Amino acid sequence: MNTIRVGIIGQGRSGWGIHAEFLRTVPELFKIEAVADLIPERVAQSAADLGCRAYHDAESLIADPDIDLVVVSSYNATHAKYAEMALRAGKHVLCEKPFGLTVADVDAMAAAAKAAGRIIVPFQQRHYEEDFLKVKEICESGIIGDVFRIRLCWHGFGRRWDWQTARCMAGGNLNNNGPHPLDHVITLFGDVLPEKVWAETGGYLRSGDAEDDLKFILQGKGHPTVEVELANCWACGQERWNVCGTRGGLHGTDKHLEWKWVDYSKMPPRPLDLHSTPDRSYNSEKIDWQTASWDAPSAEVNLGAGAPPPVGSTEKFYRNFYKVLTEGAAPTISLEQARIRVATMEMIRAAAGIPAKI
Ligand SMILES: NC(=O)c1ccc[n+]([C@@H]2O[C@H](COP(=O)([O-])OP(=O)(O)OC[C@H]3O[C@@H](n4cnc5c(N)ncnc54)[C@H](O)[C@@H]3O)[C@@H](O)[C@H]2O)c1
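Since the model is a prediction, treat every value here as computed from it, not as a measurement.

A separate point is the environment of Ser-73. Tracing the backbone shows Ser-73 in the loop between strand S4 (69–72) and helix H4 (79–88). For the pair Ser-73 and Ser-313, spaced 240 residues apart in sequence, the C-alpha to C-alpha distance is 17 Å. In this structure Ser-73 touches Ile-8, Ile-9, Gly-10, Ser-14, Gly-15, His-19 and Glu-96, once residues within four positions along its chain are discounted. Separated by 3.4 Å, the side chain of Ser-73 and the backbone oxygen of Gly-10 make a polar contact.

The subject of this paragraph is the packing of aromatic side chains. Applying the stated criterion to the full structure yields nine aromatic pairs. Arranged with centres 4.9 Å apart and planes meeting at 80 degrees, the rings of Phe-123 and Phe-317 form a pair that is edge-to-face. Highlighted residues: Phe-123 in the loop between strand S6 (120–122) and helix H6 (130–141) and Phe-317 in helix H8 (residues 311–327), separated in sequence by 194 residues. Considering the side-chain rings of Phe-123 and Tyr-318, the 6.0 Å spacing of their centres and the 40 degrees angle between planes classify their relative orientation as tilted. One end of the pair, Phe-123, is in the loop between S6 and H6; the other, Tyr-318, is in helix H8, and 195 residues separate them in sequence. Given the relative accessible area of 0%, Phe-123 is considered buried. Put simply, the rings of Phe-22, Phe-30, Phe-123, Phe-317, Tyr-318, Phe-321 and Tyr-322 touch in pairs and so form one group of aromatic residues. One Lys or Arg, Lys-260, reaches over the ring of Trp-289 and ends 4.5 Å from the middle of that ring.

With that settled, consider the site of the ligand. The environment of the ligand is formed by 27 residues, the closest being Ser-14, Asp-37, Arg-42, Asn-76 and Trp-163. Between the ligand and Asp-37 there is a distance of 2.6 Å, counted from an oxygen atom to a side-chain nitrogen or oxygen. Take His-180: an N or O atom from its side chain is 3.3 Å from an oxygen atom of the ligand. When the residues that make up the shell around the ligand are grouped by side-chain class, the tally is 11 nonpolar, 10 polar and six charged. Two domains each donate at least three residues to the shell around the ligand, and these are domain 1 (4–123) and domain 2 (127–271 + 286–307 + 340–352).

Reading the values: rules and limits
Every chain's residues receive numbers from 1 upward, in the order its sequence appears when written. Where local features are concerned, this predicted model is filtered to residues with pLDDT of at least 70; where side-chain atom pairs are given and counted, the filter is 80 or more; whole-chain, interface and lining totals use all residues. Derived side-chain values reflect all non-hydrogen atoms in the structure, with water molecules and hydrogen atoms excluded from consideration. By the criteria applied, helices consist of DSSP H or I runs no shorter than four residues and strands consist of E runs no shorter than two, each listed in order from the N terminus. In what follows, residue pairs with any heavy atoms lying within 4.5 Å of each other are defined as contacts. Distance and chemistry together define a polar contact, namely a pair of N or O atoms within 3.5 Å, with one atom able to donate a hydrogen and the other to accept it when in protein, and with adjacent residues in sequence counting only for side-chain atoms on both sides. Pairing of aromatic side chains here covers Phe, Tyr and the six-membered ring of Trp, requires ring centres within 6.5 Å, and sorts the geometry by plane angle: under 30 degrees stacked, over 60 edge-to-face, intermediate tilted. For each residue, the accessible area found with a 1.4 Å probe, counting protein chains only, is set against the maximum for its type, and the residue is called buried under 20%, exposed over 50%, and partly exposed in between. Both a distance and an angle decide whether a charge sits over a ring: NZ of Lys or CZ of Arg must be within 6 Å of the ring centre and within 35 degrees of the ring normal. Only heavy atoms are used to decide nearness, and a residue is near a molecule or strand if one of them lies within 4 Å of it. Under the convention adopted here, Pro, Cys and the residues Ala, Val, Leu, Ile, Met, Phe, Trp and Tyr are nonpolar, Asp, Glu, Lys and Arg are charged, and Gly plus all remaining residues are polar. What marks off one domain from the next here is an automatic or database domain assignment.

This is the structure we're talking about:
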């Protein structure tokens, strides 16, 4: 079996806690050859623990000739720069979210990949989250009819004072966690660019100047209207999912979903009647709801905004990614799909009047 030699830029929550932690469990697929971090103690500890080479900056890791794949898990604003640099050095790239801050970033990375004949893929492991996949399955099944509204809430409450709260680091909820719920709703929206976007942001509990409260609405003719709230300042958080269809609806959390639907074929037709009702009542009829529910099969649960992501999704992502690199399989998210997501982020910023970075 072909083992992919990996170098990871950044050894923080993501580079160490997600990528190294998983990759070390599948040495037959991926071998961690090197890690890089600006913090000397951090990279020394990682390299000792993983038994790999240590670099003190991204550039040195990228120059390492014995690496096939570079995982970019440094700060948000640096992804596109290091991804392009690694591609030009002949490496494949797995780039953490956000997959660049602008469409221009995405296009530059795609052009660099094409010129180098290498693969670049955005790390969107939450595309494999069980609740999202179940919601997608129910919506696509047609059982709740034509879906016309989707509401997704990632509510949490807590103060933060790290780099992810600062605009100079391209922090804020949209750039930080935003790519995950955005990926979910763009998929359910139909994987196209919305025609209209409304967005509003606020900053309430964070110490930096970027948003910790984000709400946006995506609209397009023939597509469900999508409403997303991604907030670290909701003490009384609402359920993650609420979906409306013409025959029923769905609601629930990452652990438990319930949906109900009506079978109109078993009910009398209701042609329009313009006369006042004889008994002065409003129209009403008994609805014979059919119901179903789902419990997450794995013990993994999402703990909300800011919590560590489930590990099972990372495994599914990486197992597919291995096939992308070795067998030419389709990536979890194609470059074209990634471009739609980043373009939507630009539309959200424009609607909310916020910059990607200052
Ligand atoms: N996919 C996910 O679920 C997920 C989860 C967490 C973080 N992330 C993403 O991962 C990235 C890193 O976030 P984090 O939470 O790990 O932050 P972090 O602060 O915990 O770690 C970032 C690390 O990168 C290092 N670094 C920065 N620039 C570097 C450079 N030029 N060369 C070498 N090392 C460098 C820093 O020293 C730091 O140790 C962010 O873009 C974030 O959005 C993704």
